[in-house]
Amino acid sequence: MNLRNLTILGATGTIGVNTLDVVARHPDRFRVVALTGQNQIEKLAEQCRQFRPRYAVVLDGDKAQALRTLLAGLDTEVLYGVEALNRVASLPEVDTVMAAIVGAAGLEPALAAARAGKRVLLANKETLVMAGHFFMQAVKDGGATLLPIDSEHNAVFQSMPDAYTGDLAAHGVRRVLLTASGGPFRTRDIDTLARVTPEEAVAHPNWVMGRKISVDSATMMNKGLEVIEAHWLFNARPDQIDVVIHPQSIVHSMVEYQDGSVLAQLSSPDMRTPIAHALAYPERVTAGVPWLDLPRIGTLTFEAPDTRRFPCLALAYRALEAGGAAPAVLNAANEEAVDAFLNHRIPYLAIAEVIAATLDRLGGGPADSLAALRASDAAARAAARELIARHTA
Ligand code: NDP
Ligand code: MG
């Protein structure tokens, strides 16, 4: 394999750190050209000292100055701002871009990488939820290669036929089965959900993740966003994507074929496996992940999700079916509601209520330009905030 030259967007986050962990195991295969972060400047400086990138990028000038001071004597150029993020995502000397910024901020640099024809390792699911159509078009126009990092989509990718062309029927695929852990509240008495605290919601049984995505796992909005993500990645209709709860998080997702075969990808719940898969694809490299010890695990179980317990899952299907800007509205309302919940401004059950009411109010809306999607995002945030304020008042 040729040496791969990487930009890691969101290097200081959970996915970024796991990516660098895999990269450090294979210095003969991967070279870091650019790293980006936002608030964790010390951590970014430490990563720069270890990986010696050509560029380090942060969002604002003050942070850039602080980082320059920390990196004195090191041959790393410090840049800042959204333009700089787009630039390091499309550098000619970079062939592979890990898109692991969290939230809507990850969209633009991921688009820049796609337009520049990079191998795009996509962790930022918001890119596909908000602007799936644009992003997939940019991948096509730019001649980019898209490799999913989200563990479910990486598992589906691995279980799909080689050279999948985006036509499920032509490849004999009947449906995609996304697995979900069910989060911390899968078995909790449903009548007590009203009293759930942020601390309980972020305590995920199997995965260590950022706080926002942890709450999304508790509500299963994370799975809802992943249904939308799967729709765009694999060109699957909503009725061709099913969700099955699998509390052990060993089977990461499955593909069902017309002949009745179901292919799955199994591994320990550790993001380094999908990351290593995408970094080395189509080759395989070690990831530092514990080998799967099936006799020790013993039992793998599956159950259907209860939409009374997890109304956010149904809301995501509703937004996907509505189409247009509805998924962007869903995403924005969810970000606002989760933030309000984490800051003790609304109770847990109000997350789904705020999202449903925002969707009711704004409907789909056009999605024929990025500007239109941004306007829907802004309108949804304004509507959600107003609904949240009623709770707080
Ligand atoms: P984290 O919150 O841990 O990390 C986010 C990264 O983005 C950090 O490097 C952060 O910088 C940076 N960042 C935050 N806001 C901005 C901004 N406005 N502009 C530029 N950079 C910013 O998130 P995760 O690593 O957990 O997740 C990253 C993405 O991957 C998300 O979209 C998530 O949904 C997805 N994902 C994550 C999984 C996981 O297991 N963690 C699994 C599947 C998907 P800093 O920390 O320095 O402030
Ligand atoms: Mg996932």
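Residues numbered from 1 in each chain as written. Chains lettered and ligands numbered in written order. Predicted model: local features only at pLDDT ≥ 70, side-chain atom pairs only at ≥ 80, totals over all residues. Heavy atoms only, no water.

What about the layout of surface pockets?
Under the convention used in this document: Cavity and pocket criteria rest on a 1 Å grid covering protein atoms alone: a 1.4 Å probe that fits but cannot get out defines a cavity, protein on both sides within 12 Å along at least 5 of 7 lines defines an open pocket, and an atom within 4 Å of a point defines a lining residue. Grid points are joined across faces, edges and corners, and a volume is the space filled by probe spheres set on the points. Going along the chain from the N terminus, every DSSP run of H or I of four or more residues is numbered as a helix, and every run of E of two or more is numbered as a strand. Basically, the charged four are Asp, Glu, Lys and Arg, the nonpolar ten are Ala, Val, Leu, Ile, Met, Phe, Trp, Tyr, Cys and Pro, and anything else, Gly included, counts as polar. The source of the domain bounds is an automatic or database domain assignment.
Quantified by volume, the second largest pocket comes out at close to 750 Å³. Contributing to the lining of the second largest pocket are 27 residues, with L146, F157, Y164, G166 and L233 lying nearest its centre. At the level of elements, α6 (125-142), β7 (145-148), α7 (151-159) and α10 (221-234) are the ones that each hand at least two residues to the lining of the second largest pocket. Of the residues assigned to the lining of the second largest pocket, the class counts are 16 nonpolar, seven polar and four charged. Taken domain by domain, the makeup of the lining of the second largest pocket includes at least three residues from each of domain 1 (4-149) and domain 2 (156-297).

Here we look at the side chain of T7
For clarity, the threshold we go by: Here the term buried applies to any residue with accessible area under 20% of the maximum for its type, exposed to any over 50%, and partly exposed to those in between, with areas from a 1.4 Å probe on protein chains only. Note on contacts: a residue pair qualifies if any of its non-hydrogen atoms lie within 4.5 Å across the two residues.
Within the element layout of this structure, T7 appears in strand β1 (residues 4-9). Overall, the relative accessible area of 0% leaves T7 in the buried class. Ignoring anything within four residues of it in the chain, the contact list for T7 reads A34, V88, A89, V94, T96, V97 and M98.

Some words on the site of ligand 1
Note the following rule: Proximity criterion: a residue is near a molecule or strand once any of its heavy atoms comes within 4 Å of it. Polar contact criterion, stated in full: a pair of N or O atoms within 3.5 Å, where within protein one must be able to donate a hydrogen and the other to accept it, and residues adjacent in sequence count only if both atoms are side-chain atoms. Surface exposure here means Shrake-Rupley accessible area, sampled with a 1.4 Å probe, where a residue is shielded only by the protein chains that are shown.
The environment of ligand 1 is made up of 24 residues, and the closest members are T12, Q38, N39, Q40 and E126. Contact distances for ligand 1 include 2.7 Å between an oxygen atom and a side-chain N or O atom of T12. Separating an oxygen atom of ligand 1 from a backbone N or O atom of Q38 is a distance of 2.9 Å. In isolation ligand 1 offers 900 Å² of accessible surface; the protein chains occlude 88% of this area. Within the residue set of the shell around ligand 1, elements represented by two or more residues are α1 (14-24) and α6. In terms of residue class, the shell around ligand 1 is made up of eleven nonpolar, ten polar and three charged. When residues of the shell around ligand 1 are assigned to domains, at least three map to each of domain 1 (4-149) and domain 2 (156-297).

Quick look at unusual backbone geometry
Here Y281 and P282 are connected by a cis peptide whose omega angle stands at 5 degrees. Residue position: P282 is located in the loop between α11 (272-280) and α12 (294-297). For H344, which is not glycine, the phi torsion reads 60 degrees and is therefore positive.

A short note on the packing of aromatic side chains
Note the threshold: Any two rings among Phe, Tyr and Trp, with Trp reduced to its six-membered ring, count as a pair given centres within 6.5 Å; such a pair is stacked if its planes are under 30 degrees apart, edge-to-face if over 60, and tilted if neither.
Under the criterion given, the structure shown has three aromatic pairs. Each ring, one from F157 and one from Y281, has its centre 5.3 Å from the other, and the planes form 75 degrees; the classification is edge-to-face. Of this pair, F157 sits in helix α7 while Y281 sits in the loop between α11 and α12, placing them 124 residues apart in sequence. Overall, the relative accessible area of 28% leaves Y281 in the partly exposed class. Centre to centre, the rings of F341 and Y348 are 5.7 Å apart; their planes meet at 70 degrees, and the pair counts as edge-to-face. Here F341 and Y348 have matching classes, each one buried. Counting every residue linked through ring pairs, the aromatic cluster contains F185, F341 and Y348.

Concerning the sheet that holds strand β2 (residues 30-36)
To keep things clear, this is the line we draw: Only strands joined by at least two bridges in the DSSP assignment are considered to pair. Whenever a helix is involved, its axis is fitted only over the stretch in contact; in every case the axis is a line through C-alpha atoms, and angles between N-to-C directions fall within 0 to 180 degrees.
If you walk across this open sheet you meet the seven strands as β4-β3-β2-β1-β5-β6-β7, and the pairing is parallel. Of all strands in the sheet, those with a lone pairing partner are β4 (77-80) and β7, marking the two edges. For this sheet, the mean angle separating the axes of adjacent strands, direction not counted, is 25 degrees. In the sheet, strand β5 (residues 96-99) pairs with strand β6 (residues 119-122) via four bridges, with the strands oriented parallel.

Side note on the pairing of β4
Regular strands show a simple pattern: their side chains alternate between the two faces of the sheet. Definition in use: A crossover gets the label right-handed when its path from the first strand over the helix to the second runs clockwise, viewed with the strands pointing away from the viewer.
As paired strands, strand β3 (residues 55-58) and β4 are joined by four bridges and run parallel to one another. Along β4, the bridge assignment pairs V57 with L79. In the classification by handedness, the crossover that spans β3, the intervening helix α3 (residues 61-70) and the parallel β4 is right-handed.

Points about the sheet that holds strand β10 (residues 251-257)
One open sheet holds the four strands; their spatial order is β9-β8-β10-β11, and the pairing between them is mixed. In this open sheet, the two edge strands, each paired with only one partner strand, are β9 (241-245) and β11 (262-266). Sheet twist, expressed as the mean angle between neighbouring strand axes with direction ignored, is 20 degrees. Bridge analysis of β10 against β11 gives five bridges, and the strand direction is antiparallel. Paired with S253 across the strands is Q265, a residue of β11.

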